[in-house]
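So the chains spell out like this:
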Amino acid sequence: MGPAILDDNHESAHLEFTPGTPGGVETVDLPILHGTMGPAVLDIRKLYTETDYFTYDPGYTATASCESKITFIDGEKGILLHRGYPIDELAEKSTFLKVAYLLMEGDLPTSEEYITFEKNITHHTMVHEQLRNFYSGFRRDAHPMAIMVGVVGALSAFYHDSLDIRDPQQRIIASHRLIAKMPTIAAMAYKYSVGQPFVYPKNELGYAENFLHMMFSTPTGSYTVNPVVAKALDKILILHADHEQNASTSTVRLVGSSGANPFACIAAGIACLWGPAHGGANEAVLNMLKEIGHKDRIPEFLEKAKNKDDPFRLMGFGHRVYKNFDPRARVLWKTSQEILDELGFDNDPLLQLAKELERIALEDPYFVERKLYPNVDFYSGFILKAIGVPTTMFTVLFAVARTVGWIAHWMEMIEDPAQKIGRPRQLYTGHTLRHYEPQTHHGI
Ligand code: SDX
């Protein structure tokens, strides 16, 4: 596919400054650039040089930070496409590793391409034996995300043969290493937290199966992966793989724009994802439901969520982009029913409480007027809880999945000829120039 920016129509936006506006510029024409889908953009790259003005957009609510071909989201319609494929079709018909290949390479793999890709990933699943020593430096009750940030960043100290981001071969090896080792590092964080021995990956197992094996098998007995559980986990990984220019992906792009090595970039993405407003929400949803405790207390918590003086937000609700149902939440809702029925948790009281909370919130004018719907984090925790993943590991799984999206965007950013180091400006409202005077009133 050629460049997505179609500028043969030479449309532009005519910006007129009201007379007397400082700077002496009266008008400026900004080219309008069109993609293949979604809003067109005003190209403001020459704005500052021609007008001495910046644009102002805290949180980047209306700013396209880059051109990308990887994921498309329509927030009003609740649409999510990965390289053109709808997320519900990928979740139902594909596998996580095939979606990883799609995100990175642009098309689904042929059977030969998939065999090679899966072999490359499988043969990178072990970590350097010395990496195990990092874990003993953490307290046993360290949050697993703290361990993930530290250990993934430390990979930079082990794999010196895949740090040169200018070498395409080193970029792909580092990418394979990261995709392959994230489940191993994550499972080791879990085993460390429960005081059990680390479990090595097995090459004969699939990606999700291997993760379950490393999480739940022990040297004392045989552990057989439940194929229904493995499929549900694989689906969760697909649903969390990528999501356009979200906070953690934008973090990885910004860190990568300085030329930092891929392991450092992914460690930065993990750190950003940890926040409760972002990937940390799945853990926060379960904690919130436990705090609510009973459906009779739902009105009390909805009032807290509406109170601007109260920092409490309804976890798992709302989204910067989706002003409709998050399409991933629909698939997760369906999957949570299937897996809970399969495992005999169909009357999980917390799930019943979540369903009642959703019903009441979706009828409440505050949430309806603000188009606040359940997002990807509202239901994922029920599936993870049902398969035995502790709440503190929920965001770790999100990071395992999102690593493929971060890598796809990191590769696209590096290969973009227009790429330069990210360096936003500001609206300065601090002190104007003042000179240092000895503070006589302090007697010094
Ligand atoms: C993820 O960006 C991505 O793509 C992220 C993600 C991905 O895959 O990468 O989809 C994953 O991070 C999902 C979101 C997980 N976070 C949560 O569930 C935490 C709870 N949600 C909120 O913190 C909030 O909705 C955000 C952070 C998700 C979005 O914040 P915004 O963009 O500031 O929300 P907004 O501008 O749309 O809010 C509009 C209004 C505001 O009130 P008013 O000023 O208009 O009166 O709705 C309010 C907000 O205060 N609001 C909420 C709310 N979410 C928004 N009020 C109560 N509870 C909430 N959950």
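Residues numbered from 1 in each chain as written. Predicted model: local features only at pLDDT ≥ 70, side-chain atom pairs only at ≥ 80, totals over all residues. Heavy atoms only, no water.

The subject of this paragraph is the sheet that holds strand S1 (residues 12-16). In spatial order, the strands read S1-S2-S3; together these three strands make up an open sheet with antiparallel pairing. The sheet terminates laterally at S1 and strand S3 (41-42), the two strands that pair on one side only. Sheet topology places strand S2 (residues 27-33) next to S3; two bridges connect them, and they run antiparallel. What sits directly across from Ile32, in S3, is Leu42. (Pairing = 2+ DSSP bridges. Helix = DSSP H or I, 4+ residues; strand = E, 2+ residues; numbered from the N terminus.)

Packing of helix H10 (residues 247-256) against helix H18 (residues 394-415) leaves a shortest axis separation of 9 Å and a crossing angle of 40°. One element, H10, and the other, H18, form an angle in the oblique class. The element H10 and its partner H18 pack so that their crossing is right-handed. For the pair H10 and H18, the contacting residues are Ser248, Thr249, Val252, Arg253 and Gly256 in the first and Arg402, Trp406, His409, Trp410, Glu412 and Met413 in the second. Residue classes in the contact of H10 with H18 are distributed as four nonpolar, four polar and three charged. (Axes fitted to C-alpha atoms, helices over the stretch in contact; angles between N-to-C directions. Parallel < 35°, antiparallel > 145°, perpendicular 65-115°, else oblique. Left-handed = near helix turned anticlockwise from the far one by under 90°. Contact = heavy atoms within 4.5 Å. Nonpolar A, V, L, I, M, F, W, Y, C, P; charged D, E, K, R; others polar.)

Turning next to the pattern of salt bridges. With the rule as written, the count across this model stands at 23 salt bridges. For the salt bridge of Arg132 with Glu129, the shortest nitrogen-to-oxygen distance reads 3.3 Å. When the shortest N-O distance is used, the salt bridge between Arg166 and Asp164 registers 3.0 Å. Residues joined in a network through salt bridges with shared partners are Glu92, Lys235, Lys334 and Glu338. (Salt bridge = Lys/Arg side-chain N within 4 Å of Asp/Glu carboxyl O.)

Secondary-structure assignment places His82 in strand S5 (residues 79-82). Taking the C-alpha atoms as reference points, His82 and His240, separated by 158 residues in sequence, lie 12 Å from one another. When neighbours within four sequence positions are excluded, His82 is seen to be in contact with Ile70, Thr71, Ile87, Leu90, Leu102, Leu103 and Asp242. Separated by 2.8 Å, the side chains of His82 and Thr71 make a polar contact. (Polar contact = N/O pair within 3.5 Å; in protein donor to acceptor, adjacent residues only side chain to side chain.)

If you trace the three strands from one edge of the open sheet to the other, you get S4-S5-S6, paired in antiparallel fashion. Of all strands in the sheet, those with a lone pairing partner are strand S4 (71-74) and strand S6 (85-86), marking the two edges. Judged from the four bridges that link them, S4 and S5 form a sheet pairing that is antiparallel. Bridge pairing in S5 places Asp74 opposite Ile79.

The subject of this paragraph is helix H15 (residues 349-361). An α-helix turns once per 3.6 residues; consequently, residues spaced three or four apart project the same way. Spanning 13 residues, H15 covers 18 Å between terminal C-alpha atoms, matching the ideal 18 Å at 1.5 Å per step. Among the residues of H15, those classed as buried are Leu350, Leu351, Leu353, Ala354, Leu357, Glu358 and Ala361. For H15, the arc enclosing every buried residue in end-on projection is 155°, short of the 170-degree limit, so these residues lie on one face. Looking at the buried positions of H15, the neighbouring elements they touch are helix H12 (281-292), helix H13 (298-306), helix H14 (327-343), helix H16 (365-369) and helix H17 (376-386). (Expected span 1.5 Å × (residues − 1). Buried < 20%, exposed > 50% of the residue type's maximum accessible area, 1.4 Å probe, protein only. Arc of directions from axis to C-beta.)

The subject of this paragraph is the packing of aromatic side chains. Counted according to the given criterion, the structure contains 18 aromatic pairs. Residues Tyr101 and Phe117 carry aromatic rings whose centres are separated by 5.4 Å and whose planes lie at 80° to one another, so their mutual orientation is edge-to-face. Linking Tyr101 in helix H3 (residues 96-105) with Phe117 in helix H4 (residues 111-122), this pair joins segments that are 16 residues apart in sequence. With 5.7 Å between their ring centres and 70° between their planes, Phe301 and Phe312 make a pair best called edge-to-face. In this pair, Phe301 is assigned in helix H13 and Phe312 in the loop between H13 and H14, connecting sequence segments eleven residues apart. What makes Phe301 buried here is its relative accessible area of 1%. Sitting over the face of the ring of Tyr114, Lys98 holds its NZ or CZ atom 5.4 Å from the ring centroid. (Phe/Tyr/Trp six-rings, centres within 6.5 Å; stacked < 30°, edge-to-face > 60°. Lys NZ or Arg CZ within 6 Å of the ring centre and 35° of its normal.)

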